[in-house]
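# Coordinate analysis (summary)
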Amino acid sequence: MKNMLLLSCLTAGAGPLMAASGLPKEAAAQADRGNCPNVIIILADDLGYGDLQCYGAKNVKTPNVNRLAKEGIRFTNAHAVAATSTPSRYSLLTGEYAWRRPDTDVAAGNAGMIIRPEQYTMADMFKNAGYATGAFGKWHLGLGDKAGTQDWNAPLPAGLADLGFDYHYIMAATADRVPCVFIENGQVANYDPSAPIEVSYKQNFPGEPTGKENPELLYNQRSSHGHDMSIVNGIGRIGFMKGGGKALWKDENIADSITTHAVDFIRQHRDEPFFMYFCTNDVHVPRFPHPRFRGQTNMGVRGDAIVEFDWSVGAIMQALDELKLAENTLVILTSDNGPVVDDGYDDQAEELLNGHSPAGPLRGNKYSAFEGGTAVPAIVRWPAGVKGGRESDVLMSHIDWMASLGSLIQARLPKGSAPDSQDRLGNLLGTDDTDRPWVVELASNHVLSVRTKDWKYIEPNDGPAMITWGPKIETGNLSTPQLYHIRQEVGERTNVALEHPDIVFEMQNILRRERAK
Ligand code: NG6
Ligand code: CA
């Protein structure tokens, strides 16, 4: 039964015939899809390998994510492409390694579009296959043509519509970066004409307070490092902004705002296939969960933000259940990079861990070349096509999700698009447990690592062993090659590079060949 359903999705590729039949393009594409599922990617922010109850977290309950895991496949060896947001998201949405480009580091809130309109994205792929497409929540990949040139008081001339999204309700960058407003279909949502918006990452606007000069105004959360420019809602941010008025978000309502819009999108598209890119702000800083989640854990706001994340997942699932779409919707849940405790606000995340290990047994955190930087939770649930109740330690990477999902919906990708993405659909659906031969990981200092099922290689780098600008995190830097025998020691403690020059050589070759592509 399940195989048949899957088969009908996988073999429904009569696209040219249908188009030739004179059906309108979209109707043809839809008919063409057979039983292909709706697809929802739930992308958490800075949620670590050890942050969910179903991944062993003890101090926090995540019943809605647990349900996905129970009814789907829980992957224990899945990797984001990068240890920070922008390059990780870039790679997921384009199927191209971010490190091939020089301009994919953590983006400012006034960055121009990092994925260029002419690039073929995962959203383009779904749209061209007849899906309605929507993006929600954290974007962090730039808007408009060029950094700093946006007029936030008018429609943005270039944006997500150029990347295949029919609808979007997003934050331009992160909650800790200005502008602190939602963007809906290329315009500031709830725009307040009485408070025109100006944004700069160079200088403050005359008369506006900053966290640096007016720390007494940081009544909601104080900064521990950085985050001392504009103050919005009593929280210091990165970048300067003026105005916004009623359009400014309330930090405690961000999860509600994003989730409500996503649920509306599901309802609106209940009768047609849809692809949803749902990116939570949780559990990124500033962590400011709604009062109803406060105190739900003994870990302070970071733990409570995990509960809020779980609530968002539950709200999406509830909508699918109510609309009877849960059976044939492929839900993929993951995170953009590893976890961090103190990421620049004095929110007690570190002091209140109470024994919790955000990265589980892994060494390193967000930003790091160690596994804690890029190893992320990944859960796939699709009752109509995936046998649930499973765990899989197959080695996989976000980089392959575009080609794999493309294969699922029989998409034809233009030549040159998704250049690094391989069709490994069987891994995602649990029908093929063959490991990816290797995955490449990018740390925030641009160091590349290679993971195979058994080994981890980190290329030499002369930088400091610890991050020097704030978070207490090991970078993974060493001036000589590092090789860890992951199968024997997931915690990357014993560097065995000198004992295994042959393996180091092979790993270096993998990187050399990849870089040359
Ligand atoms: C850092 C910020 C950190 C976070 C990160 C990006 C400071 C001191 N720290 O520069 O708070 O915003 O960038 O995180 O400004 S990410 O998950 O979006 O990549
Ligand atoms: Ca992140």
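Position labels on residues start from 1 in each chain and follow its written sequence. Chains carry letters and ligands carry numbers; both start at the beginning, A for chains and 1 for ligands, and go up in the order they are written. For a predicted model such as this one, the threshold for reporting local features is a pLDDT of at least 70, and the threshold for listing and counting side-chain atom pairs is 80 or more; totals across whole chains, interfaces and linings nevertheless cover every residue. With hydrogens and water excluded, all non-hydrogen atoms of the structure serve as input to the side-chain values.

## Structural notes on the coordination of the calcium ion (ligand 2)
Around the calcium ion (ligand 2), the protein contributes the donor atoms D45 (OD), D46 (OD), D336 (OD), D336 (OD) and N337 (OD1), which lie 2.2 to 2.7 Å from the metal centre. Here the donor residues for the calcium ion (ligand 2) map to a single chain with the spacing D-D-x289-D-N. Linking D45 in the loop between β1 (38–44) and α4 (63–71) with N337 in the loop between β12 (329–335) and β13 (375–381), this pair joins segments that are 292 residues apart in sequence. Exposure remark for D45: the relative accessible area of 0% places this residue in the buried category. Exposure categories follow from relative accessible area, calculated using a 1.4 Å probe and restricted to protein chains: below 20% of the type maximum is buried, above 50% is exposed, and the middle band is partly exposed. Exposure remark for N337: the relative accessible area of 0% places this residue in the buried category. Coordination shells were defined by N, O and S atoms within 2.8 Å of each metal, extended to 3.2 Å for Na, K and Ca; water is absent from the atom set, which can make sites look incomplete. In this description a helix means any DSSP run of H or I spanning at least four residues, a strand means any run of E spanning at least two, and both kinds are numbered starting from the N terminus.

## A few points about the packing of aromatic side chains
Centres within 6.5 Å are what make two rings of Phe, Tyr or Trp a pair, Trp counting through its six-membered ring; a difference in plane orientation under 30 degrees is then read as stacked, over 60 as edge-to-face, and the rest as tilted. Evaluation of the coordinates by the stated rule reveals 17 aromatic pairs. Pairing F126 with F275 gives two aromatic rings, centres 4.3 Å apart and planes at 5°, and the pair type is stacked. Taken together, the positions of F126 in helix α6 (residues 122–128) and F275 in strand β11 (residues 274–279) put the pair 149 residues apart, joining distant regions of the chain. The two residues F126 and F275 agree in class, both being buried. Judged by centre distance (5.6 Å) and plane angle (55°), the rings of F182 and W249 are tilted. Taken as a pair, F182 in strand β5 (residues 182–184) and W249 in the loop between β10 (240–242) and α7 (254–268) lie far apart in primary sequence, 67 residues in all.

## Quick word on the packing of α7 against helix α8 (residues 300–322)
Angle between the axes and distance between the axes: these two values describe a pair of packed helices. Fitted lines through C-alpha atoms give the axes, limited to the stretch in contact for helices. The angle between two N-to-C directions lies from 0 to 180 degrees. Two elements in contact, α7 and α8, have axes separated by 10 Å at closest approach and are oriented at 15°. Regarding the angle of α7 to α8, the classification is roughly parallel. Of the two elements, α7 crosses α8, and the hand of that crossing is right-handed. In this structure, α7 uses A255, D256, T259, A262, V263, I266 and R267 to contact α8, whose residues at the interface are E308, W311, S312, A315, I316, A319, L320 and E322. Residues are grouped as follows: Ala, Val, Leu, Ile, Met, Phe, Trp, Tyr, Cys and Pro are nonpolar; Asp, Glu, Lys and Arg are charged; every other residue, Gly included, is polar. Grouping the amino acids of the contact of α7 with α8 by side-chain chemistry returns 9 nonpolar, 2 polar and 4 charged. Any angle that falls under 35 degrees is termed roughly parallel, while one over 145 is termed roughly antiparallel, one within 65 to 115 roughly perpendicular, and all others oblique. The handedness criterion is simple: a crossing whose near helix is rotated anticlockwise from the far helix by less than a right angle is left-handed, and one whose near helix is rotated clockwise is right-handed. Residues are treated as being in contact if the distance between any of their heavy atoms lies within 4.5 Å.

## Brief notes about α4
Of all the positions in α4, only V65, L68 and A69 are classed as buried. Looking straight down α4, one finds its buried side chains confined to an arc of 95°; they lie on one side. Note that the arc is defined by the directions from the helix axis to the C-beta atoms.

## A few points about the pattern of salt bridges
The salt bridge criterion pairs a side-chain nitrogen of Lys or Arg with a carboxyl oxygen of Asp or Glu, the two atoms within 4 Å. Evaluation of the coordinates by the stated rule reveals 34 salt bridges. One salt bridge connects D45 with R89, and the closest N-O pair in it is separated by 3.7 Å. With D45 in the loop between β1 and α4 and R89 in helix α5 (residues 85–94), this pair connects stretches of sequence that are 44 residues apart. In terms of burial, D45 and R89 fall into one category: buried. Residues D103 and R101 are paired through a salt bridge, measuring 2.9 Å at the closest nitrogen-oxygen approach. Classification of R101 by relative accessible area gives buried; the value is 19%. Three or more residues are tied together by salt bridges with common partners; here these are E371, E441, R451, K456 and E492.

Distances and angles like these do not, on their own, reveal function.
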